[in-house]
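Inside the fold
The primary structure of each chain is shown beneath.
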Protein chains: 2
Amino acid sequence: MTTATSSRELAHPAREEIRLESVLHALSDPMRMQVVRELAQAEGELSCSYFDLPVTKSTTTHHFRVLRESGVLQQVYRGTAKMNGLRRDDLAALFPGLLDSVLDAAAREERRLADG
Amino acid sequence: MTTATSSRELAHPAREEIRLESVLHALSDPMRMQVVRELAQAEGELSCSYFDLPVTKSTTTHHFRVLRESGVLQQVYRGTAKMNGLRRDDLAALFPGLLDSVLDAAAREERRLADG
DNA sequence: TGCCTCGTACGATACTCACCGTACTACGAG
DNA sequence: CTCGTAGTACGGTGAGTATCGTACGAGGCA
């Protein structure tokens, strides 16, 4: 039997409903930024449990919801797992170059702080 | 007599102290985003009172402080006025392209919502 | 059927933040 | 010196939020 996508539905903002303000707010949390960066590197979907965040499951759920409701992520259930993917196309259509420059900025800052 | 810069000093983060997280947080407020956008268009320094924000003076002071402490703005007293300038060079050095893509994103969103 | 895992829901807590009003300081102009 | 303007400091308020723990639901697997 094929692993069917569950019927449980999740509310996502449509492309036109995504707001820059909400996206920037979502990205201004280090926990959420880390999720977005790993997701960008992975170039595919990752389950919530893939991420090893230093917070409890409840808090993890909260952060993923913020990312989804701001339009940064799309989420879909697959069995018990919830798969997460970056909404690259929607973000690129609305805010060209934004996601890439934010990811680049995060990478540069990490390098800069590591080198001392 | 030349209008001398006052001796009153304001604390600014050094370039190396600027954090992406704080910058994104500063820009995730519509009031502050508006200030940054006007400042970017003006291509120079503007006093706090130049901005006609729909909040009281106290709140305006608060927002400018957030922008200064996050490293987005530099501020200097000139007489009774406090002049504000974007820290373009510092931001461009740390996060190349970030400021421009955020400004572009804000402009696009404004156009998009206006056209309906 | 029963168990395990993944993730949710809910309530509680502590903190941050956007906002206000009032009282105050700093500076320039008359 | 006096007055007006620009902005600050401070205290308070209500909303949001990052966090936790515990209890629960959904789905795969034995």
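Residues numbered from 1 in each chain as written. Chains lettered and ligands numbered in written order. Predicted model: local features only at pLDDT ≥ 70, side-chain atom pairs only at ≥ 80, totals over all residues. Heavy atoms only, no water.

**Notes on the protein's contact with DNA strand C**
The test is simple: If a single non-hydrogen atom of a residue is within 4 Å of a molecule or strand, that residue counts as near it. Pairs of N or O atoms are called polar contacts if they sit within 3.5 Å, as long as, within protein, a hydrogen donor faces a hydrogen acceptor (for residues adjacent in sequence, only side-chain-to-side-chain pairs). What counts as a helix is a DSSP run of H or I of at least four residues, what counts as a strand is a run of E of at least two, and both are numbered from the N terminus. Note on residue classes: Ala, Val, Leu, Ile, Met, Phe, Trp, Tyr, Cys and Pro are nonpolar, Asp, Glu, Lys and Arg are charged, and everything else, Gly too, is polar.
Neighbouring residues of DNA strand C: 24 residues in total, closest A:Lys57, A:Thr61, A:Lys82, B:Ser58 and B:His63. Expressed as a percentage, the sugar and phosphate content of the atoms of DNA strand C within 4 Å of the protein is 66%. Within the backbone of A:Cys48, a nitrogen or oxygen atom sits 3.3 Å from a phosphate oxygen of DNA strand C. One of the side-chain N or O atoms of A:Thr61 is found 2.6 Å from a phosphate oxygen in DNA strand C. Every element with two or more residues in the surface near DNA strand C is listed here: α3 (57-70) and β3 (81-86) of chain A together with α2 (30-42) and α3 (57-69) of chain B. Among the elements that take part in the surface near DNA strand C, α3(B) stands out by supplying four residues, more than any other. Class assignment for the residues of the surface near DNA strand C results in five nonpolar, 14 polar and five charged.

**Some details on the interface of chain A and chain B**
Formally: Whether two residues are in contact is decided by their heavy atoms, any of which lying within 4.5 Å being enough.
Taken residue by residue, the interface counts 26 residues in chain A and 26 residues in chain B. The interface formed by chain A and chain B holds seven residue pairs in polar contact (both at pLDDT 80 or more) in total. Listing elements by their share of the side of chain A that touches chain B, those giving two or more residues are α1 (20-27), α2 (30-42) and α5 (98-115) of chain A.

**Let's talk about the sheet that holds β3(A)**
All names here are of chain A. Stated formally: One bridge is not enough; two strands pair if DSSP finds at least two bridges between them. To obtain each axis, a line is fitted to C-alpha atoms, and for helices this fit is confined to the stretch in contact; angles are then taken between N-to-C directions over 0 to 180 degrees.
With respect to topology, three strands assemble into an open sheet ordered β1-β3-β2, the strand pairing being antiparallel. Here the strands that pair on one side only, and so sit at the sheet edges, are β1 (46-47) and β2 (73-78). Judged from the two bridges that link them, β1 and β3 form a sheet pairing that is antiparallel. Along β3, the bridge assignment pairs Leu46 with Asn84. Across the sheet, α2 is in contact with β1, β2 and β3; its angle to β3 comes to roughly 80 degrees. In the packing of α3 onto the sheet, contacts are made with β2 and β3, and the angle to β2 comes to roughly 120 degrees.

**Remarks on the protein's contact with DNA strand D**
Around DNA strand D, the structure places 24 residues, and the nearest of them are A:Ser58, A:His63, B:Lys57, B:Thr61 and B:Lys82. Backbone atoms, meaning sugar and phosphate, form 68% of the atoms of DNA strand D found within 4 Å of the protein. In this structure, a phosphate oxygen belonging to DNA strand D sits 2.3 Å away from a side-chain N or O atom of A:His63. In the model, a base nitrogen of DNA strand D is placed 2.5 Å from a nitrogen or oxygen of the B:Lys57 side chain. Broken down by secondary-structure element, the contributors of at least two residues to the surface near DNA strand D are α2 and α3 of chain A together with α3 and β3 (81-86) of chain B. For the surface near DNA strand D, the element with the most residues is α3(A), which contributes four residues. Here the residues of the surface near DNA strand D are counted per class, giving five nonpolar, 14 polar and five charged.

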